Amino acid sequence: MSSAALGPLTIGRHQVWPPVVLAPMAGITNVGFRQLCREQGGGIYVCEMITTVALVERNPKTLRMIAFGADESPRSLQLYGTDPEITAAAVRIVVEKDLADHIDLNFGCPVPKVTRRGGGAALPWRRRLFARLVKAAVDAAAPAGVPVTVKMRKGIDDDHLTYVEAGLAAQDAGVAAVALHGRTAAQRYSGTADWDAIATLKQALDVPVLGNGDIWEADDALRMVTHTGVDGVVIGRGCLGRPWLFADLEAAFAGRTDRRLPTLGEVALTMRRHAELLVEQFTAGARNPARGERDGCTDFRKHVAWYLKGFPIGSELRRALAMIDSLAQLDDLLGKLDPTVPFPTETLGQPRGRTNSPGKVFLPDGWLASRDDDTVPEGAELADSGG
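Along every chain, residues carry numbers that run from 1 in the direction the sequence is written. pLDDT decides what is reported in this predicted model: residues at 70 or higher carry local features, side-chain atom pairs at 80 or more are listed and counted, and totals for whole chains, interfaces and linings draw on all residues regardless. Only hydrogens and water are set aside when side-chain values are computed; all heavy atoms of the structure are taken into account.

### Section: the side chain of threonine 270
Working step 1: Runs of H or I in DSSP of at least four residues are treated as helices and runs of E of at least two as strands, each being numbered from the N terminus. Inspection of the secondary structure assignment puts threonine 270 in helix α11 (residues 264–283).
Working step 2: Owing to a relative accessible area of 12%, threonine 270 belongs among the buried residues under this scheme.
Working step 3: Contacts of threonine 270, omitting those with residues within four sequence positions, involve Leu36, Pro243, Trp244 and Tyr307. Type-normalised accessible area, obtained with a 1.4 Å probe on protein chains alone, sets the label of each residue: buried when under 20%, exposed when over 50%, and partly exposed for intermediate values. Should any heavy atoms of two residues lie within 4.5 Å, those residues are considered in contact.

Okay, here's the thing in structure tokens:
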């Protein structure tokens, strides 16, 4: 399939162009970051993961996290849950309160605190429970016409793969699309993503399939589409410190060859815009605007190293930028950068964000013994949203 032949991504009633989805990332994909990315190009931009039990219990932090820009459409929300009844209750709240236009279900999280309770990437192994949970969410969202999708990994490890069976079960439950990260839980974020597995899933399903894993540049997305035949791509770590990747993706899927290679001065302007948006987010509704500015700048600090990766900048200035407390301080420090420095092209195609080694997947006792046990794992629900 050529890039020019790829049409809009259909997610229920939503037509999305370009066919690009920003993956939810804890502590990253808040309102400010999503707006920054949307200013670059189109797609679906998913908020941070929301836990079903926290939503049902009206957790104040969780309710604050379910926030969208006034012009954000469709509003996309990812839910994490392990109990079909609690998940259905959470979806009903989303529908009744008109909190989102699209719901994604998380079955891809590989972190130990999730899998050792039977959640995330571990849950599809219990195929009956997985099918019940997805069906409960789809049925709860159906009256309002809110489409439900699922995001998952290949399986627990190479000996316990679930992605094709889970994809078919999700399709039978009525999901609008399935996204696959081409790694197992055991791989975490190491090695390379298995695009052949994504192609296999695409061939097995009738609903749209989205590919995730190792898309660092827009041309990687085109290669994935050609290799797998997917209907769209999911972008995670590749956009960290590079929100202009979404401009490149829009150009690529439109058949254009232009790609952004911003100078250090242009990167500095993007950093300033990002920090400004975060300050606006944290100041909105705050009793103390100064506290909102400080919190927004604190939230921005984690992004500094990603933005400056590969640029020849002294360690002292890097440290100072990663410790800002105000926009004025940021402006002063950004003013010390040489705006003419060209983009470090040697960083193109290189991994960004989390990179780690494969590891043991921690599971509840006896988890692998029975695939048809649909008992809800004890203590599996997480109270904290965001991951």
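### Some details on helix α8 (residues 195–204)
Working step 1: Those residues of α8 not exposed but buried are Trp195, Ala197, Ile198, Ala199 and Leu201.
Working step 2: Residues of α8 that are buried make contact with β8 (148–153), α7 (163–173), β9 (177–181), β10 (209–212) and α9 (218–228).
Working step 3: Any pair of nitrogen or oxygen atoms within 3.5 Å is treated as a polar contact; in protein, a donor-acceptor pairing is required on top of that, and neighbouring residues in sequence qualify only through side-chain atoms on both sides. Regarding α8, its N-cap is aspartate 194, as a side-chain oxygen of that residue lies 3.0 Å from the backbone nitrogen of aspartate 196 further along.

### With respect to the packing of aromatic side chains
Working step 1: We call Phe, Tyr and Trp rings a pair once their centres come within 6.5 Å, taking the six-membered ring for Trp, and we label the pair stacked below 30 degrees between planes, edge-to-face above 60, and tilted otherwise. Enumeration over the complete set of coordinates arrives at five aromatic pairs.
Working step 2: An angle of 85° between the planes, with centres 6.3 Å apart, marks the rings of tryptophan 244 and phenylalanine 343 as edge-to-face. Taken together, the residues span a long stretch of sequence, with tryptophan 244 in the loop between β11 (232–235) and α10 (245–253) and phenylalanine 343 in the segment after α15 (327–334) at a distance of 99 residues. Accessibility assignment for this pair places tryptophan 244 and phenylalanine 343 in one class, buried.
Working step 3: Through a chain of ring-to-ring contacts, three or more aromatic side chains come together here, namely Trp244, Phe311 and Phe343.

### Section: the pairing of β8
Working step 1: For β8, a buried count of six out of six residues is recorded, marking the element as mostly surrounded by other parts of the structure.
Working step 2: Sheet topology note: the strand β7 (residues 102–107)/β8 ladder contains five bridges and is parallel. Residue pairing in the sheet places phenylalanine 107 in a bridge with methionine 152 of β8.
Working step 3: This β-α-β element, β8 to α7 to β9, shows right-handed connectivity. Note on pairing: DSSP must find at least two bridges between two strands before they are called paired. Viewed with both strands pointing away, a crossover whose connecting path from the first strand over the helix to the second turns clockwise is right-handed.

### Side note on the UniProt feature "domain: DUS-like FMN-binding" (unreviewed entry) in the chain
Working step 1: UniProt positions are given in the numbering used here, feature names are shortened, and annotations may be inferred rather than shown by experiment. Mapped onto this numbering, the UniProt entry annotates "domain: DUS-like FMN-binding" (unreviewed entry) at residues 22–328.
Working step 2: Within the segment residues 22–328, helix and strand shares are 45% and 11% respectively, and the terminal C-alpha atoms sit 30 Å apart.

### Examining empty space enclosed by the protein
Think of a ball as big as a water molecule: rolled over the atoms, this probe shows where empty space is left.
Working step 1: In this analysis, the protein atoms alone were mapped onto a 1 Å grid. Cavities are point sets where a 1.4 Å probe fits without being able to get out; pockets are open sets with protein on both sides within 12 Å along at least five of seven lines; lining residues have an atom within 4 Å of a point. Grid points are joined across faces, edges and corners, and a volume is the space filled by probe spheres set on the points. Inspection of every chain in the model, using the stated rule, returns two cavities of 30 Å³ or more.
Working step 2: Taken as a whole, the largest cavity spans an internal volume of roughly 130 Å³.
Working step 3: Each residue belonging to the lining of the largest cavity can be placed in one class, and the counts come to twelve nonpolar, two polar and two charged.
Working step 4: Here the second largest cavity defines a volume of roughly 40 Å³.
Working step 5: For the second largest cavity, the full set of lining residues is Pro110, Pro112, Thr115, Ala185, Arg188, Gly359, Lys360, Val361 and Phe362.
Working step 6: Any residue that is not Ala, Val, Leu, Ile, Met, Phe, Trp, Tyr, Cys, Pro, Asp, Glu, Lys or Arg is counted as polar, Gly included; the first ten are nonpolar and the last four charged. Considered class by class, the residues forming the lining of the second largest cavity number five nonpolar, two polar and two charged.

### With respect to the UniProt feature "binding site: FMN" (unreviewed entry) in the chain
Working step 1: Under the feature "binding site: FMN" (unreviewed entry), the UniProt entry names Pro24, Met25, Ala26, Gln78, Lys151, His181, Gly236 and Arg237. Restricting the annotated residues just mentioned to those that line the largest cavity leaves Pro24 and Lys151.
Working step 2: Taking relative accessible area as the criterion, alanine 26 reaches 48% and is therefore assigned partly exposed.
Working step 3: With respect to the helices and strands, glutamine 78 occurs in strand β6 (residues 76–80).
Working step 4: Given a relative accessible area of 3%, glutamine 78 falls into the buried group.
Working step 5: The residues contacting glutamine 78, other than those within four sequence positions of it, are Pro24, Val46, Cys47, Glu48, Met49, Ile50, Asp104, Leu105, Asn106 and Lys151.

### Brief notes about the packing of α7 against α8
Working step 1: At a minimum axis distance of 10 Å, the contact between α7 and α8 shows a crossing angle of 35°. In the packing of α7 onto α8, the handedness of the crossing is right-handed. Contacts between α7 and α8 pair Tyr163, Val164, Gly167 and Leu168 from the former with Ala197, Thr200, Leu201 and Ala204 from the latter.
Working step 2: Of the residues that constitute the contact of α7 with α8, the class distribution is six nonpolar, two polar and no charged. For every element, the axis is a line fit to its C-alpha atoms; helices are fit only across the contacting stretch, and the angle between N-to-C directions ranges from 0 to 180 degrees. Two helices cross in a left-handed way if the nearer one is turned anticlockwise from the farther one by less than a right angle. They cross in a right-handed way if the turn is clockwise.

### What about the environment of aspartate 104?
Working step 1: Examined against the element boundaries, aspartate 104 turns out to sit in strand β7.
Working step 2: Given a relative accessible area of 7%, aspartate 104 falls into the buried group.
Working step 3: Placed 276 residues apart in sequence, aspartate 104 and alanine 380 show a C-alpha to C-alpha distance of 19 Å.
Working step 4: Residues in contact with aspartate 104, not counting those within four places in the same chain, are Leu77, Gln78, Leu79, Thr149, Val150 and Lys151.
Working step 5: A distance of 2.8 Å separates a polar atom in the side chain of aspartate 104 from a polar atom in the side chain of glutamine 78.

### A short note on the sheet that holds β8
Working step 1: Taken in spatial order, the nine strands of this open sheet run β4-β3-β11-β10-β9-β8-β7-β6-β5, and their pairing is parallel. Of all the strands in the sheet, the pair left with one neighbour each is β4 (44–45) and β5 (50–51).
Working step 2: Sheet strands touched by α8: β8, β9 and β10. Its angle to β10, the strand with the most contacts, is close to 175°.

### A few points about unusual backbone geometry
Working step 1: The omega angle of the peptide bond from tryptophan 17 to proline 18 is -5°, so this bond is cis rather than trans.
Working step 2: Of note, proline 18 is situated in the loop between β2 (14–16) and β3 (20–22).
Working step 3: Cis geometry marks the peptide bond from serine 73 to proline 74; its omega dihedral reads -5°.
Working step 4: Note that proline 74 resides in the loop between α3 (60–65) and β6.
Working step 5: You will see that arginine 58, though not glycine, has its phi angle at about 60°, which is positive.
Working step 6: Locating arginine 58 in the fold gives a position in the loop between α2 (52–56) and α3.

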